[in-house]
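Chain by chain, the residues:
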Amino acid sequence: MNAPLDSRQQHLLERSDRQAQVVAALQAVLPAHALLWNSEDTTPYECDGLTAYRERPLVVALPETYDQVQAVLKTCHALEVPVVARGAGTGLSGGAMPHKLGVTLSLAKFNRILKMDAASRTAVVQGGVRNLAISEAAAPLGLYYAPDPSSQIACTIGGNVAENSGGVHCLKYGLTLHNVLKVRGFTIEGEAVEFGSDALDCAGYDLLSVVIGSEGMLAVTTEVTVKLVPRPVLARCIMASFDDLRKAGDAVAAVIAAGIIPAGLEMMDKPMTAAVEDFVHAGYDLTAEAILLCESDGTPEEVEEEIGRMSAVLRNHGATAIAVSQNEAERLRFWSGRKNAFPASGRISPDYMCMDSTIPRKRLADILLAIQQMEIKYGLRCANVFHAGDGNLHPLILFDANDADQLHRCELFGADILETSVAMGGTVTGEHGVGVEKLNSMCVQFSASENEQMFGVKRAFDPQGLLNPGKVIPTLQRCAEYGKMLVRGGKMSHPDLPRF
């Protein structure tokens, strides 16, 4: 007589049976090479850029046509199988972490630029096109796509739409939302949908603003119409050093208060400048407590006037040294450190968790000083890089994921940063999204009724909750459990996700 199965064995058996069912159904709509389910094939999809949390998907689907995407969604909807859409997997909040009983739908093969229109200054691209590839294709027309995340060499426009990504030039040119005219895709039922239009406005509700930043919870993006802008005649960058964090923070607020909107306004603290200087040799001042990078672009006359005004403001607010790029090579060198902040951090720590919150500009110094105290409290190092112009923080907490206690302290450290940002009048995210990383902190920023209103939007698009379930919006139960955890000082694991 066979011994009864324990809970783990029972789970594995149920997973195997479900996998066989899903694979058989998808084999009817996809070619053999477009379907992965063996562990050695699905393991590369187990996480995105947030590597601390991992889960192998049941199946990975790699469709090549719109009809195949539609067929996959219809099949999964009929079987009530969760679907997680994935671009390049560069996201930093776990938004593309698979569902253990679901299908990961990769849009990697949708990498064609369909149309470039110089007259309307637009491009129509598939969801899997790399961010930087759009600017490369538009360059012969004297145009480019302005949003430039640090991962732009790899991240996809579909992922940018999901997260409403920004970049170092978002202060002047805006986020993804401000640079997209239209998004096309499919609902979980496989219905073709279109948000926005080729015009400046569209009839009915502005659902484009709803779908951009919805983190794959409402629809799967297959095609995007983006705005292109003319390449500036000239761009120059100021590199300013400060011997005090508060002076640097006050200088950022003063630049904006002076009526100047730089093309980019970034800030790095001393630990970050040390890390990136050792990596790319950008020429940063290693004695400075903080460095500001302030860029101006436009005609030579406009740039000259703006550089002069910004330099004066920076000097008046305590800059100890100011250098202005004299040519394009030097400008790119100044920016090389900022653009390589994440890989540079990877060289000095086994792992890092990149946080993402937004605060009022006037509180920049306050949050940096608070983070310094948190380093002592949690016994972990933190290097900071900011989109200072719009108050978007990117603290990188350094830790070793192989040490469970360090991971736990890192989670608490990150939550503390996010919740301190809210207390200072900010938000728990700026451009990386909520994913799984910030579910608990959403309980702090939003009330139960506010979260329920967000669920209402989700249900309107996806009544069964099959698209990217357990992400972004915390359930009432989760918020209650998180509140209890805070009271008792315990631990609540992020990957232990409730099903919507």
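The rules behind the values
- Residues numbered from 1 in each chain as written.
- Predicted model: local features only at pLDDT ≥ 70, side-chain atom pairs only at ≥ 80, totals over all residues.
- Heavy atoms only, no water.
- Disulfide = S-S within 2.5 Å.
- Helix = DSSP H or I, 4+ residues; strand = E, 2+ residues; numbered from the N terminus.
- Buried < 20%, exposed > 50% of the residue type's maximum accessible area, 1.4 Å probe, protein only.
- Patch = residues over 30% accessible without salt bridge, like charges linked within 9 Å, V, L, I, M, F, W, Y side chains within 5 Å.
- Areas by Shrake-Rupley, 256 points an atom, 1.4 Å probe, with all protein chains shown as cover.
- Salt bridge = Lys/Arg side-chain N within 4 Å of Asp/Glu carboxyl O.
- Phe/Tyr/Trp six-rings, centres within 6.5 Å; stacked < 30°, edge-to-face > 60°.

Chemist: Where do I start with the state of the cysteines in this structure?
Modeler: As used here, a disulfide is simply a covalent bond connecting the sulfur atoms of two cysteines. In this structure the tally under the stated criterion is one disulfide. With a sulfur-sulfur separation of 2.3 Å, Cys 443 is cross-linked through a disulfide to Cys 479. Around the S-S axis, the bridge from Cys 443 to Cys 479 shows a dihedral of about -85 degrees and counts as left-handed. Highlighted residues: Cys 443 in helix α15 (residues 439-445) and Cys 479 in helix α17 (residues 476-488), separated in sequence by 36 residues. Each member of the pair Cys 443 and Cys 479 is classed as buried. Considering cysteine sulfurs only, Cys 410 is the nearest to Cys 47, which forms no disulfide, with 15 Å between them. Here Cys 170 stays unpaired: no disulfide links it, and the sulfur of Cys 155, its closest cysteine neighbor, is 13 Å away. With a relative accessible area of 8%, Cys 170 lands in the buried category.

Chemist: Honestly, a nonpolar patch on the surface in this entry has me stumped. Any pointers?
Modeler: A grouping of Tyr 205, Leu 207, Val 210 and Val 457 is seen on the molecular surface, where their side chains present a nonpolar patch of about 390 Å² in accessible area. With respect to the element layout, Val 210 can be found in helix α7 (residues 208-211). A relative accessible area of 32% places Val 210 in the partly exposed class.

Chemist: What is the right way to look at the packing of aromatic side chains in this model?
Modeler: A full pass over the atoms with the stated rule returns five aromatic pairs. Their ring planes at 75 degrees and their centres at 6.4 Å tell us that Tyr 144 and Tyr 173 sit as a pair that is edge-to-face. Of this pair, Tyr 144 sits in strand β7 (residues 143-144) while Tyr 173 is found in helix α6 (residues 170-173), placing the two residues 29 residues apart along the sequence. Exposure remark for Tyr 144: the relative accessible area of 12% places this residue in the buried category.

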